[in-house]
Amino acid sequence: MKVIVIFNKFTDQYIGLTYATDQMNVDESSCDETHFKYKTVEMDLDKEIWEGNYGDGSVIPIANQTTVITETELDADCQDKVFREYRYYHQLNIVYQLLDMLIEKSALDEALLTEYRRMRKYIDDTVANNERYKQAYLTQNGYEYRDKATERSVLNAQLEGGLHEVIGRAPHPGTPQ
């Protein structure tokens, strides 16, 4: 099937693709070139995908595509794990109870200190494990790990030249702004 691959005109960043059904006709000459540049390629949408940017991209089998893992996704997963174990109000209640005891008696209640230490250990262990995920995805073949700066760079490259004003931009929760 004939597919038009769309790129940011100023940065060559891949944006997406479009194609026509049998009843329609889409070609590059009908596309807006104010913010975009295009390549027309043949691909089987059920079996193939575009990977890469204007100069270095190509059609590849879906099975061979690089899985993108972002720091934002890993951090959100880490936050979710901590939150499932210790909701914010649970965390605060533990800390407040501990602080109240310190202020009131100037002596620590070991039962509260034990729970506080258990909570801190869980959070510290979960955060440390999240850092190991980041390192593993960074070095593992078959993955493209994007830290927050790279995520921002890719998004900026996709939207450079005022493109965000044309297509709009709803920020992903947790995406660095």
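Residues numbered from 1 in each chain as written. Predicted model: local features only at pLDDT ≥ 70, side-chain atom pairs only at ≥ 80, totals over all residues. Heavy atoms only, no water.

## Observations concerning the side chain of Thr-126
Thinking step 1. For Thr-126, the position within the fold is in helix H3 (residues 110-139).
Thinking step 2. Judged by relative accessible area, which is 12%, Thr-126 ranks as buried.
Thinking step 3. With sequence-adjacent residues up to four places away left out, Thr-126 is seen in contact with Cys-78, Lys-81 and Val-82. (Helix = DSSP H or I, 4+ residues; strand = E, 2+ residues; numbered from the N terminus. Buried < 20%, exposed > 50% of the residue type's maximum accessible area, 1.4 Å probe, protein only. Contact = heavy atoms within 4.5 Å.)

## Things to note about the nonpolar core
Thinking step 1. Of all hydrophobic cores here, the largest spans six residues; its members are Val-3, Val-5, Phe-7, Val-41, Met-43 and Trp-50.
Thinking step 2. Looking at this core, the element that brings in the most residues is strand S1 (residues 2-8), giving three residues.
Thinking step 3. Contacts of Met-43, omitting those with residues within four sequence positions, involve Met-1, Val-3, Leu-17, Glu-48, Ile-49, Trp-50 and Val-59. (Core = buried A, V, L, I, M, F, W, Y, C linked by side-chain atoms within 4.5 Å.)

## Some words on the sheet that holds strand S2 (residues 14-19)
Thinking step 1. The three strands are arranged S2-S1-S3 in an open sheet whose pairing can be described as antiparallel. At either margin of the open sheet sits one strand with a lone partner, and together these are S2 and strand S3 (36-42). For this sheet, the mean inter-axis angle between neighbouring strands, taken without regard to orientation, is 25°.
Thinking step 2. Bridge analysis of S1 against S2 gives five bridges, and the strand direction is antiparallel. Note that in S2 the partner of Ile-4 across the bridge is Thr-18. (Pairing = 2+ DSSP bridges. Axes fitted to C-alpha atoms, helices over the stretch in contact; angles between N-to-C directions.)

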